[in-house]
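Here is what each chain is made of, one letter per residue.
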Amino acid sequence: MKHFVKELGEHGPPHPGEFVFEESSWSFINLLKLLWHYGLNPLRMSMWVEDILDKFMRIYRYQMHDYAFSSNERLLQTLGGDDFTRLLNQTIDEAMQKAGFSQKFINEVVCPAMRVNYGQGVTINGFVGAVSLAGVQSGLWSVKGGNKLVCSGLIYSSKAEVIPGTVVCSPSAGDPATLYHVTYNTSSGLTGDTYDIVIIAAPLGRKMANITFRNFDPPIPQFPNPYHQTVTTLVHGRLNTSFFGYRDPQAFHLGAIFTTNNPKLFINSLGVVSPVGDAGGELPLRSAVWKVFSKEELTKEQLGLLFSSYDAVKVKRWLAYPQYRPPEKFPPIVLHEQLYYLNGLERAASAMEMSAIAARNAALLAFHRWHGHDHSVDQEDLHEKLKTEL
């Protein structure tokens, strides 16, 4: 993603955020408070996450050398071996307990990070949990003008022909040499076209892409792939600071509030929204735009608890990411000859970066299978092989 942004435009500064305990404006004081509350757990967490990410980042070297993988299991096994398999087969709670982290730290620091990033608690798998923890550390950035500009910029730079329509079905006679006929709805009605290679880059499922596969032999299997609903509520108003224990609004300086797994709480997180490119600053005491994540749509009573006054509310129900339940089972990448599915990697972790990696793998795999480059697919010991080449 950094490479795309470098090619297409500029990235902006990170947006500030807080953990469940109250941060100071002094980083040294924050460090002392972390040590006081959680001992060496925060430092150990950074090292633990870094070790996992170091292994995962091998994918960039493999893809730079045009290596591809025919299944998500092979991709992750090649990157992290049995360590990644264990993470996918246990919860982040189990994984971190086995790594020696305290339950207090898991409940008060790790759980809020899971809730804000994936709307779920510490029962999600260990791999997506590590990705979530990487997402609450420093060094994050945003795209000036909005992250969506990466997508539109890539489409423009690739000179791809984009057909604004919804894919309905993809019939095939089952012969590997047969072209795929893709049918889709557009503003001018039902139409379609034929293709040598088809790559599906949308989550399959009735509530998601809702694509029907016709005349396949064997038939394309159904993949149970439930997605988790998060409700995003954008509110332009004044926060009711007394609800959070601050009778004096002047004393409230938090830009974000993350929550623990408390059944009495009706929100996952709440944070002030800054314009993209804004370097941040003092939290406005007057009206601001706040983003609230919750499992269900907020009632008027709940909005009244969170805000002392507001003049605009925008609600979006969002099937944002998979419902994670280890052990994880991956859908195949190869659905049929020259028919590929890249969203299965979301079962490991859902993020823009994961989608970009899955897309590049699908493109490389389609290319190599079309040209018969078996030596570039599912090669073992790539880490040692590339070290030897260097």
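Relevant structure appears above.
Bear in mind the structure is a predicted one, so any value in this text is a computation, not a measurement. (Residues numbered from 1 in each chain as written. Predicted model: local features only at pLDDT ≥ 70, side-chain atom pairs only at ≥ 80, totals over all residues. Heavy atoms only, no water.)

**Things to note about the pairing of strand 9 (residues 269–272)**
No. 1: Of the strand pairs in this sheet, strand 8 (residues 256–258) and strand 9 are connected by 3 bridges, and their pairing is antiparallel. Pairing of A256 across the sheet is with G271, part of strand 9.
No. 2: Examined bridge by bridge, strand 9 and strand 10 (residues 288–294) share 4 bridges and lie antiparallel to one another. In the strand pairing of strand 10, L270 is matched with V292. (Pairing = 2+ DSSP bridges. Helix = DSSP H or I, 4+ residues; strand = E, 2+ residues; numbered from the N terminus.)

**With respect to the packing of aromatic side chains**
No. 1: For the structure on display, the rule yields 16 aromatic pairs.
No. 2: Aromatic side chains Y118 and Y324 sit 5.9 Å apart centroid to centroid with 85° between the ring planes, which places their arrangement in the edge-to-face category. With Y118 in helix 7 (residues 103–118) and Y324 in the loop between strand 11 (307–322) and strand 12 (334–336), this residue pair connects regions lying 206 residues apart in the sequence. When sorted by exposure, Y118 lands in the same class as Y324, which is buried.
No. 3: Ring pairs connect the aromatic residues F243, F244, Y246, F252 and F266, which therefore count as one cluster.
No. 4: Against the face of F101 rests R44, its NZ or CZ located 4.4 Å from the ring centre. (Phe/Tyr/Trp six-rings, centres within 6.5 Å; stacked < 30°, edge-to-face > 60°. Buried < 20%, exposed > 50% of the residue type's maximum accessible area, 1.4 Å probe, protein only. Lys NZ or Arg CZ within 6 Å of the ring centre and 35° of its normal.)

**Observations concerning the side chain of R115**
No. 1: Looking at where R115 falls in the secondary structure, it is placed in helix 7.
No. 2: For the buried R115, no salt bridge exists, and the shortest N-O distance to an oppositely charged side chain is 12 Å, to E296.
No. 3: In contact with R115, other than residues within four places in its own chain, are Q120, T259, T260, N261, I267 and N268. (Lys, Arg positive; Asp, Glu negative; His and termini not counted. Salt bridge = Lys/Arg side-chain N within 4 Å of Asp/Glu carboxyl O. Contact = heavy atoms within 4.5 Å.)

**So, a nonpolar patch on the surface**
No. 1: Together, L32, L35, L40, L43 and M47 line one region of the surface with nonpolar side chains, adding up to about 500 Å² of accessible area.
No. 2: Of all the secondary structure elements, the ones that give two or more residues to the nonpolar patch are helix 2 (27–38) and helix 3 (41–56).
No. 3: Tracing the chain through its elements places L32 in helix 2. (Patch = residues over 30% accessible without salt bridge, like charges linked within 9 Å, V, L, I, M, F, W, Y side chains within 5 Å. Areas by Shrake-Rupley, 256 points an atom, 1.4 Å probe, with all protein chains shown as cover.)

**A word on the packing of helix 3 against helix 8 (residues 126–134)**
No. 1: The contact between helix 3 and helix 8 brings their axes to 10 Å, and the two run at 115°. The pairing of helix 3 with helix 8 is recorded here as roughly perpendicular in orientation. Seen along the crossing, helix 3 lies across helix 8 with a hand that is left-handed. Residue-level inspection shows M45, W48, V49, I52, L53 and F56 of helix 3 in contact with helix 8, the latter providing F127, A130, L133 and A134.
No. 2: Here the contact of helix 3 with helix 8 is composed, by residue class, of 10 nonpolar, no polar and no charged. (Axes fitted to C-alpha atoms, helices over the stretch in contact; angles between N-to-C directions. Parallel < 35°, antiparallel > 145°, perpendicular 65-115°, else oblique. Left-handed = near helix turned anticlockwise from the far one by under 90°. Nonpolar A, V, L, I, M, F, W, Y, C, P; charged D, E, K, R; others polar.)

**Details of the environment of L76**
No. 1: Within the secondary structure, L76 sits in helix 5 (residues 72–89).
No. 2: Note: C-alpha distance between L76 and L345 (269 residues apart in sequence) is 9.4 Å.
No. 3: Setting aside chain neighbours within four positions, we find L76 in contact with F56, G81, F84, L88, F127, F330, L345 and A348.

**Overview of the sheet that holds strand 11**
No. 1: Sheet architecture is open: 5 strands sit in the order 8-9-10-7-11, paired in antiparallel fashion. Only two strands of the sheet have a single partner each, and these edge strands are strand 8 and strand 11. On average, each strand axis in the sheet is inclined to that of its neighbour by 20°, with strand direction left out of account.

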